[in-house]
Amino acid sequence: MENRSEASSGKKREIIENPTQAPPPMNTDPTLRGDYTKAAPDYAVEQDWSAYTAEEHALFRRLYERQSKLVSRYACPEWIEAIGRLDAGREIPKFCEINRSLSRATGWTIVAVPGLIPDAPFFTHLANRRFPVTVWLRKPEEVDYIAEPDVFHDFFGHVPLLYDRVYADHLCEYGKGGLKATRLDAIGMLARLYWYTIEFGLMQTGAGVRAYGAGLLSSGGELAYCVDDARPRRRPFELERMLRTGYRIDRYQDCYFVIDSFAQLMRETAPDFTPIYARLRHLPALDPSAP
Ligand code: PHE
Ligand code: CO
């Protein structure tokens, strides 16, 4: 991986950090429920762990226990290994405690945010090995479905894989690729790749197909569906098809892409996307339900 050494040099990190690009933090989308008023220019907030109620900790524990029953059958081995070490199922985790072991493992940290954040600060965080985690938890009536990512999705779905070296390096490269795609006006294509890998990706293992996408790992229903159900398509990893395939955010996926390993994901996304974006830009998007 030619640019992996650059990624770990402090010099490169300074270049990645571009605070002048960050818009003033505000909730531009009135449908987002987080409180953006106390956010820093990079959208970071304090976690204020003491403000969580006993009911919220109990709901987090309930979600965690429900998903934990499914993961041995449906989650990829890297995720299972990490969640075992984390031991974070009793209450909403303290991010500062997680960061002590996470930064030691792969150089990543998690940063508390009020909710979804704009692309530029999101990619900047990833490029600097910081994963934004939403501070608020869903309401009890939302245990089965939630439209915006909350602390359960972000933590349970995304954080364990940050302990895996290869995955962690790949996600950092993705962040840098996001900043580059912004300049190339190709965010839409790159967002599809994120969707079909980081959020809804499947992995072929010796024991069968398993989930590594966070949207699957945190889902009460789709985690079994994506592995067991005969209806959705499961395609082998195919970069250009992923960049072109549209997606629905409001129901189970029609199509999943299956990687062999995080090493494959890293390897196949390493080439310069500039000529690929230029070529694909004028082609129509593909229908995820197409045969
Ligand atoms: N290689 C991609 C580019 O040149 C960047 C990238 C890396 C995108 C990893 C996604 C994942 O733009
Ligand atoms: Co997510």
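Residues numbered from 1 in each chain as written. Chains lettered and ligands numbered in written order. Predicted model: local features only at pLDDT ≥ 70, side-chain atom pairs only at ≥ 80, totals over all residues. Heavy atoms only, no water.

Attention shifts here to the confidence of the model for the protein chain. Per-residue pLDDT for the protein chain averages 90, and the proportion of residues at 70 or more is 90%. This stretch, residues 1-24, has a pLDDT under 50; its non-local contacts, to residues over four places away or in other chains, come to 27 contacts. (pLDDT = per-residue confidence, 0-100. Contact = heavy atoms within 4.5 Å.)

With that settled, consider the sheet that holds strand S6 (residues 255-259). Across the sheet, 4 strands lie side by side as S4-S3-S6-S5; this open sheet has mixed pairing. Only two strands of the sheet have a single partner each, and these edge strands are strand S4 (208-211) and strand S5 (233-236). Shown here is a sheet whose adjacent strand axes are inclined to one another by a mean of 40°, direction ignored. Where strand S3 (residues 202-205) meets S4, 4 bridges bridge the pair, whose relative direction is antiparallel. Bridged to Leu202 within S4 is Ala211. (Pairing = 2+ DSSP bridges. Helix = DSSP H or I, 4+ residues; strand = E, 2+ residues; numbered from the N terminus. Axes fitted to C-alpha atoms, helices over the stretch in contact; angles between N-to-C directions.)

A separate point is helix H7 (residues 151-158). The element H7 is extensively covered by neighbouring structure, given that 8 of its 8 residues are classed as buried. Taken together, the buried positions of H7 are occupied by Val151, Phe152, His153, Asp154, Phe155, Phe156, Gly157 and His158. (Buried < 20%, exposed > 50% of the residue type's maximum accessible area, 1.4 Å probe, protein only.)

Next up on the list: the packing of helix H3 (residues 54-74) against H7. The contact between H3 and H7 brings their axes to 11 Å, and the two run at 35°. Considering the relative orientation of H3 and H7, their crossing is right-handed. Taking contact as the criterion, the partners of Phe60, Leu63, Tyr64, Gln67, Ser68 and Val71 in H3 are, on H7, Val151, Phe152, Phe155 and Phe156. Residue composition of the contact of H3 with H7, by class: 8 nonpolar, 2 polar and no charged. (Left-handed = near helix turned anticlockwise from the far one by under 90°. Nonpolar A, V, L, I, M, F, W, Y, C, P; charged D, E, K, R; others polar.)

With that settled, consider the packing of aromatic side chains. This model, assessed by the stated rule, comprises 19 aromatic pairs. Centroid distance Tyr36 to Tyr43: 6.4 Å. Interplanar angle 80°. Geometry classified as edge-to-face. The class for Tyr36 is buried, based on a relative accessible area of 3%. Here the aromatic rings of Tyr196 and Phe257 are separated by 5.1 Å at their centres, their planes lie at 75°, and the arrangement is edge-to-face. Taken together, the residues Tyr196 in helix H9 (residues 187-199) and Phe257 in strand S6 connect sequence positions 61 residues apart. The class of Phe257 is buried, set by a relative accessible area of 0%. Taken together, the ring pairs connect Phe60, Tyr64, Trp79, Phe152, Phe155 and Phe156 into an aromatic cluster. (Phe/Tyr/Trp six-rings, centres within 6.5 Å; stacked < 30°, edge-to-face > 60°.)

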